[in-house]
Amino acid sequence: MLNFTHVTEFILLGLTSRWELQVFFFIVFLLVYIITLIGNIGMITLIRVSPQLSSPMYFFLSHLSFTDVWFSSNVTPKMLENLSSETKTISYVGCLVQCFFFIFLVHVEVFILAVMAFDRYMAIGNPLLYGSKMTRNVRVGLISFPYLYGFFISLISTLWTYGLYFCGNIEINHFYCADPPLIKMACAGTHIKEYTMHTLAGLNFSYSLTVIFVSYIFILIAIIRMRSAEGRRKAFSTCGSHLTAVIIFYGTLFFMYLRTPTEESVGQGKMVAVFYTTVIPMLNPMIYSLRNKDVKEAMGKVINRMCLKK
């Protein structure tokens, strides 16, 4: 039996072994990655330079974009490297690092989405007190929790990954180091790792979803009580963008992490993983910009200023 510490590298089997499909995927995912970087970095920059986007909602949105940049960058560059190379390997240390940052960023994102739901409740349910309640210190405290808690959970999960044992098989049936395929290929130490993966994923996703669900119950009550049709329309517009992001992200994560790892589930998980590691980070800026009047107006003003300078 090989101890995990004796393994120096793994082979990532990727999405396909067919050369022509690898070329196609390389082009597609390179374009998606470039769009993701431009969209999210552009969103962060727009929020920082636009006075009309200075509300707490956009402060949290900038952190969501920041997380999406790193979420995609943790996986995509290595995937592109392997698609263009014959040696599709990742070092043992590199695999652990990728596992750590993946789990860390997933938890940061789910709890930022929960914080954003609470922020929407404060803005819609208590509009007169919103500015005085959501002070800079409160915002910093709320946004610090996902990062600190995500780091703690990721450290525990990665240590359990370190405890897996392998019996000669070093081929990971995936395009990045993910827990389900590592559990499937390991020959010992899998029980505690699988148990903690399901427990932590179930508890943390449930906690964050509970915050979102309760926040939206109170938001719905507040919207029903509104007398202004314009106020209802604006509330549904801002909440619609957030709900779209929540449904897409949580749906794919539940599909990936709350099932027992099998050959079939790991294979299906690869297709789902493509969606939440590459497509969702690209879609988030579009979801929040196309459905948001303030963002579109701020973008127009920035473009006008740039044109006038020329």
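Residues numbered from 1 in each chain as written. Predicted model: local features only at pLDDT ≥ 70, side-chain atom pairs only at ≥ 80, totals over all residues. Heavy atoms only, no water.

**Examining the packing of aromatic side chains**
Applying the stated criterion to the full structure yields 20 aromatic pairs. Ring centres of tyrosine 92 and tyrosine 162 lie 6.4 Å apart, and the angle between their planes is 40°; this geometry places the pair in the tilted category. With tyrosine 92 in helix α4 (residues 92-125) and tyrosine 162 in helix α6 (residues 136-162), the pair connects residues that are 70 residues apart, well separated along the chain. For tyrosine 162, a relative accessible area of 39% gives the class partly exposed. Chaining the aromatic ring pairs together yields one cluster made of Phe71, Phe102, Phe175, Tyr176, Phe249 and Tyr276. Lying over the aromatic face of phenylalanine 59, arginine 139 brings its terminal NZ or CZ to 5.6 Å of the ring centre. (Phe/Tyr/Trp six-rings, centres within 6.5 Å; stacked < 30°, edge-to-face > 60°. Helix = DSSP H or I, 4+ residues; strand = E, 2+ residues; numbered from the N terminus. Buried < 20%, exposed > 50% of the residue type's maximum accessible area, 1.4 Å probe, protein only. Lys NZ or Arg CZ within 6 Å of the ring centre and 35° of its normal.)

**Looking at helix α2 (residues 56-73)**
With 18 residues, α2 should reach 26 Å at 1.5 Å per residue; the first-to-last C-alpha distance of 26 Å fits that figure. The buried count for α2 comes to 15 of 18 residues, which makes it a mostly enclosed element. (Expected span 1.5 Å × (residues − 1).)

**Some remarks on the pattern of salt bridges**
One pass over the full model with this rule turns up 4 salt bridges. As a salt-bridge pair, glutamate 81 and lysine 78 come within 3.4 Å of each other at their nearest N and O atoms. Of this pair, glutamate 81 and lysine 78 both sit in helix α3 (residues 76-83), 3 residues apart, which is roughly one turn of the helix. The class of lysine 78 is buried, set by a relative accessible area of 18%. Of the charged contacts, one joins aspartate 119 and arginine 120 as a salt bridge, the two residues approaching to 3.1 Å between their closest N and O atoms. With relative accessibility at 1%, the residue aspartate 119 sits in the buried group. The class for arginine 120 is buried, based on a relative accessible area of 9%. (Salt bridge = Lys/Arg side-chain N within 4 Å of Asp/Glu carboxyl O.)

**Notes on the packing of α4 against α6**
It is at 8 Å that the axes of α4 and α6 come closest, and there the two elements cross at 145°. α4 and α6 meet at a crossing whose hand is right-handed. For the contact of α4 with α6, a count of residues per class yields 22 nonpolar, 6 polar and no charged. (Axes fitted to C-alpha atoms, helices over the stretch in contact; angles between N-to-C directions. Left-handed = near helix turned anticlockwise from the far one by under 90°. Nonpolar A, V, L, I, M, F, W, Y, C, P; charged D, E, K, R; others polar.)

**Focus on the UniProt feature "transmembrane region" (unreviewed entry) in the protein chain**
Feature annotation in UniProt places "transmembrane region" (unreviewed entry) on residues 23-46, 91-118, 138-160, 205-224, 236-258 and 270-290, given in this structure's numbering. Annotated as 96% helix and 4% strand, the span residues 91-118 places its first and last C-alpha atoms 41 Å apart. Secondary structure across residues 205-224 divides into 100% helix and 0% strand, with the first and last C-alpha atoms of the span separated by 28 Å. (UniProt positions renumbered as here; feature names shortened; annotations may be inferred.)

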